[in-house]
Amino acid sequence: MAKVVKRKLPNFEIVTNKKAPPRKTNPKSFWRDLIGSMSAGDWFVLDKKDKMRACVSVGKYARGRYSLYQHPELENKYVCTITK
């Protein structure tokens, strides 16, 4: 039989009488802003070295409404098109 180890959680003080301190990090996303500003039919060209990063990012912010394919004329270039 496995032994269960119980951990005691630290006590947190919940502050309700003042505003939270400002963030030090910036919650902006280049890809979210780029894809959010695009509409159906908009497209851009990217290099082969940026393909995987773009594929993951575009897939996150435009899931199911984009197409990524190799450029028919330019070598080592890809086209990303917003379809819906």
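Residues numbered from 1 in each chain as written. Predicted model: local features only at pLDDT ≥ 70, side-chain atom pairs only at ≥ 80, totals over all residues. Heavy atoms only, no water.

(A) Focus on the nonpolar core. Trp31, Ile35, Met38, Phe44, Leu46, Ala54, Val58, Ala62, Tyr78, Cys80 and Ile82 form the largest nonpolar core, which has 11 residues in total. Those elements that place two or more of their residues in this core are α1 (30-37), β1 (43-47), α2 (51-61) and β3 (77-82). Considering each element in turn, this core owes the most residues, 3 residues, to β3. (Core = buried A, V, L, I, M, F, W, Y, C linked by side-chain atoms within 4.5 Å. Buried < 20%, exposed > 50% of the residue type's maximum accessible area, 1.4 Å probe, protein only. Helix = DSSP H or I, 4+ residues; strand = E, 2+ residues; numbered from the N terminus.)

(B) Here's a closer look at the pairing of β3. Among the 6 residues in β3, 5 count as buried, and that is most of the element. Connecting strand β2 (residues 66-70) to the antiparallel partner β3 that follows it, the hairpin turn spans 6 residues, and Asn76 within it adopts a positive phi of roughly 60°. (Pairing = 2+ DSSP bridges.)

(C) Geometry of the pattern of salt bridges. Going through the model one piece at a time under the given rule, you end up with 1 salt bridge. Its salt-bridge partner being Lys77, residue Asp47 comes within 2.4 Å of it at the nearest N-O pair. Of this pair, Asp47 sits in strand β1 while Lys77 sits in strand β3, and the two are 30 residues apart along the sequence. Among the residues examined, Asp47 registers a relative accessible area of 27% and is labelled partly exposed. The partly exposed category is assigned to Lys77, whose relative accessible area is 27%. (Salt bridge = Lys/Arg side-chain N within 4 Å of Asp/Glu carboxyl O.)

(D) Just the packing of aromatic side chains, in detail. Per the stated rule, a full pass over the model turns up 2 aromatic pairs. Their ring planes at 80° and their centres at 5.2 Å tell us that Phe30 and Trp31 sit as a pair that is edge-to-face. Residue classification places Phe30 among the exposed positions, given a relative accessible area of 58%. Here Trp31 and Phe44 contribute two aromatic rings whose centre-to-centre distance is 6.2 Å and whose plane-to-plane angle is 40°, an arrangement assigned as tilted. With a gap of 13 residues between them, Trp31 in helix α1 and Phe44 in strand β1 connect regions that are remote in the sequence. (Phe/Tyr/Trp six-rings, centres within 6.5 Å; stacked < 30°, edge-to-face > 60°.)

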